[in-house]
Amino acid sequence: MTHSQILRRLGLADQPLGVAIGSRYSVGDGPAIPTYSPIDGAVLASVGSARSTEVDSATYAARDAFHRWRMVPAPARGELVRRFSLVLRDHKEVLGALVTLEVGKIRAEAEGEVQEMIDVCDFAVGLSRQLYGKTIQSERPDHRLMEQWHPLGPVGVISAFNFPVAVWAWNAALALVCGDPVVWKPSEKAPLCAFACHCLLQSVVASYDLAPDALSCVVNGGREVGQSLAASHDLPLVSATGSVAMGRSVGQVVAGRLGRSLLELGGNNALIVTPTADLDLALKAITFAAVGTTGQRCTTLRRLIVHYSIKDALVDRLKRSYDTIKIGDPQEEGVLIGPLIDEDAAVMMVHSLKEARAQGGTVYGGERLVEGMPSGAYVHPAIVEIRHDAPVVHKETFAPILYVMTYDDFEEAVAVQNEVPQGLSSAIFTGDVCEAERFCSASGSDCGIANVNIGTSGAEIGGAFGGEKDTGGGRESGSDSWKSYMRRATNTINYGHALPLAQGIQFE
Ligand code: NAD
């Protein structure tokens, strides 16, 4: 499929792109932002952007849509999401191709991302009949005490470049069944993916008579557009995915107006390998988690904490495995590592490797690959043997750099795993059930995700996804994450003829 065929099949060739408020598309009054393919630097399109007044128009329209959508029964809201999941199934390949083109993911991972959208839609459809509240025993005679979950209002979604379709879907599928429209500010590095998702959803909205037009809005642009969303009183919830710096800013702005924010921020994920681990399994998991998506997942494995007795054997095998991985155009069969998103990312990788050397690290790999490559930022993934407390190890560099450090005692390994400011994902490879349980216990990993004998990345949608500390504390996707998208009302109903007060208070 050529680039223009992909855009045509996703409805992107027929619309001005920049701002979409339901079925109304415009280029927007903000500056045009060219979008490049990281594969070869080719300009894919020049996409317009929103001014703050257009962000306001989108949030007003979403608020209007909310007033109608909240009255539609939840299972009927689920029907919209069910239909959307069918459209996604029909467009899995072409939407995956756009993800590859716009952010450089290999085809398998790009289609996997669309599959994640389908999975979360299916989950949300089931959820639309299970937005349960509790009935609580009242202490008073002839009283009923219960809680209900009601739609909250339009949800603002700010997303990062590296999951240009799935992160929105995690939010949108749940928000829609919960009764909330969505106003999306995608990454300015991946606006085409956003407009493609919007067009696909809009095709379903247009043919569903219960759905108001502005259930979905997209406002393209940079951080100023994100800041307008964060400041909007029309959005009771802002779900923001990206760097810790972004989350600090958005979190403070939303808190300043006493809104709710759901923050999904950077990680610095570690994997502990103990002497009893199955090393074949560990090697596969480490490789996928460290170099998959070219090290650009929030859950990418960044720190390997290995028992000193097996470190040399494991690192040797890892280097051999790294040497055989095919790097190149992610559209090609057999390629497992595509380009970094842009030149800035490559510069940051070079800078961090320089810092690592200066802090005593020994670097293997990490070179820029030019020969035989298209003109994107292609790199060999790096393995760096270094002290666990070197400052560079404690920050997230969004590139395939794996820091390797050793431990002697299990408690020390857990302490090293927990000593960084971020708290997203973690894993242990062990054959010792006590170590596995201790790693998952209250005194074990302090992350939102703690895995045993699986890598740090590639979470299923059924669990709640997110992390602690600088990762922001938000939870999205499965389990009871839906509660963030609703408001809880506690109702006490007196069906008697007296007015007993709680706590036995007499007031006569
Ligand atoms: P980024 O922080 O540069 O940008 C993310 C989004 O925030 C973009 O849409 C950007 O325009 C917007 N933005 C930036 N500054 C803003 C501000 N001050 N106010 C409002 N909006 C602002 O991140 P990125 O480079 O696109 O993505 C990589 C980062 O995202 C990594 O740190 C990664 O770990 C993180 N991430 C986290 C998760 C998660 O679920 N925890 C998932 C994906 C990515």
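Scroll up to find the structure this text is about.
A short tour of the structure in this document, coming up.

The rules behind each value
- Residues numbered from 1 in each chain as written.
- Predicted model: local features only at pLDDT ≥ 70, side-chain atom pairs only at ≥ 80, totals over all residues.
- Heavy atoms only, no water.
- Pairing = 2+ DSSP bridges.
- Helix = DSSP H or I, 4+ residues; strand = E, 2+ residues; numbered from the N terminus.
- Axes fitted to C-alpha atoms, helices over the stretch in contact; angles between N-to-C directions.
- 1 Å grid on protein atoms, 1.4 Å probe; cavity = no way out; pocket = protein on both sides within 12 Å on 5 of 7 lines; lining within 4 Å.
- Points joined across faces, edges and corners; volume = space filled by probe spheres on them.
- Nonpolar A, V, L, I, M, F, W, Y, C, P; charged D, E, K, R; others polar.
- Near = heavy atom within 4 Å.
- Polar contact = N/O pair within 3.5 Å; in protein donor to acceptor, adjacent residues only side chain to side chain.
- Areas by Shrake-Rupley, 256 points an atom, 1.4 Å probe, with all protein chains shown as cover.
- Phe/Tyr/Trp six-rings, centres within 6.5 Å; stacked < 30°, edge-to-face > 60°.
- Buried < 20%, exposed > 50% of the residue type's maximum accessible area, 1.4 Å probe, protein only.
- Expected span 1.5 Å × (residues − 1).
- Contact = heavy atoms within 4.5 Å.
- Right-handed = clockwise from strand over helix to strand, strands pointing away.
- Salt bridge = Lys/Arg side-chain N within 4 Å of Asp/Glu carboxyl O.

**Overview of the sheet that holds strand S10 (residues 237-241)**
Inference 1: Spatially, seven strands are ordered S2-S1-S9-S8-S7-S10-S11 in an open sheet, and the strand pairing comes out mixed. Each end of this open sheet is capped by a strand with a single partner; those strands are strand S2 (24-26) and strand S11 (260-264). Each neighbouring strand pair of the sheet contributes to a mean axis angle of 15°, computed without reference to strand direction.
Inference 2: In terms of strand pairing, strand S8 (residues 182-185) meets strand S9 (residues 216-219) through three bridges, oriented parallel. Residue Val 182 lies in a different strand from S9, and its bridge partner there is Ser 216.

**What about the layout of surface pockets?**
Inference 1: In this structure, the second largest pocket encloses a volume near 340 Å³.
Inference 2: Looking at the second largest pocket, it is lined by 18 residues, and the ones nearest its centre are Tyr 36, Lys 189, Ile 341, Asp 342 and Glu 343.
Inference 3: The set of elements that each furnish at least two residues to the lining of the second largest pocket consists of strand S3 (30-36) and helix H12 (343-358).
Inference 4: Of the residues that constitute the lining of the second largest pocket, the class distribution is seven nonpolar, five polar and six charged.

**Some words on the site of the ligand**
Inference 1: Taken together, 28 residues are adjacent to the ligand, and Lys 185, Glu 188, Ser 243, Leu 265 and Glu 396 come closest.
Inference 2: One of the side-chain nitrogen or oxygen atoms of Glu 188 is found 2.7 Å away from an oxygen atom of the ligand.
Inference 3: Here Gly 242 contributes a backbone N or O atom positioned 3.4 Å from an oxygen atom of the ligand.
Inference 4: Relative to its unbound accessible area of 850 Å², the ligand is 91% covered by the protein chains.
Inference 5: Broken down by secondary-structure element, the contributors of at least two residues to the shell around the ligand are helix H8 (223-231) and helix H9 (244-256).
Inference 6: The residue inventory of the shell around the ligand, partitioned by class, reads eleven nonpolar, twelve polar and five charged.

**Concerning the packing of aromatic side chains**
Inference 1: Within the structure shown, the criterion is met by five aromatic pairs.
Inference 2: Ring centres of Phe 84 and Trp 168 lie 6.0 Å apart, and the angle between their planes is 80°; on these two criteria the pair is classed as edge-to-face. Of the two residues, Phe 84 is situated in helix H3 (residues 74-90) and Trp 168 in helix H6 (residues 166-178); the sequence distance between them amounts to 84 residues.
Inference 3: Judged by its relative accessible area of 5%, Phe 84 is buried.
Inference 4: Measuring from ring centre to ring centre gives 5.0 Å for Trp 168 and Trp 184, while their planes differ by 10°; the resulting arrangement is stacked.

**Quick look at helix H5 (residues 107-127)**
Inference 1: In this model, H5 (21 residues) spans 30 Å end to end at C-alpha, consistent with the 30 Å of a helix rising 1.5 Å per residue.
Inference 2: Of the surrounding secondary structure, the elements contacted by the buried residues of H5 are H3, helix H4 (92-103), H6, helix H7 (191-206) and strand S24 (476-477).

**Looking at the pairing of S8**
Inference 1: Of the two faces of S8, both are covered, the one formed by Val 182 and Trp 184 as well as the one formed by Val 183 and Lys 185.
Inference 2: Looking at chain direction, strand S7 (residues 155-158) and S8 are connected through four bridges and run parallel. For Val 157, the partnering residue across the bridge sits in S8 and is Trp 184.
Inference 3: In this region the chain leaves S7, passes through H6 and returns to the parallel neighbour S8; the handedness of that crossover is right-handed.
Inference 4: Crossover handedness for the path S8 to H7 to S9: right-handed.

**As for the pattern of salt bridges**
Should their charged atoms come close, side chains of opposite charge can pair.
Inference 1: Scanning the model with the defined rule gives 21 salt bridges in all.
Inference 2: With a closest N to O distance of 3.4 Å, Asp 342 and Lys 189 form a salt bridge. One end of the pair, Asp 342, is in the loop between helix H11 (311-324) and H12; the other, Lys 189, is in the loop between S8 and H7, with 153 residues separating them in the sequence.
Inference 3: By relative accessible area, which is 22% here, Asp 342 ends up partly exposed.
Inference 4: Across the pair Asp 446 and Lys 469 runs a salt bridge, and its minimum N-O distance is 2.7 Å.

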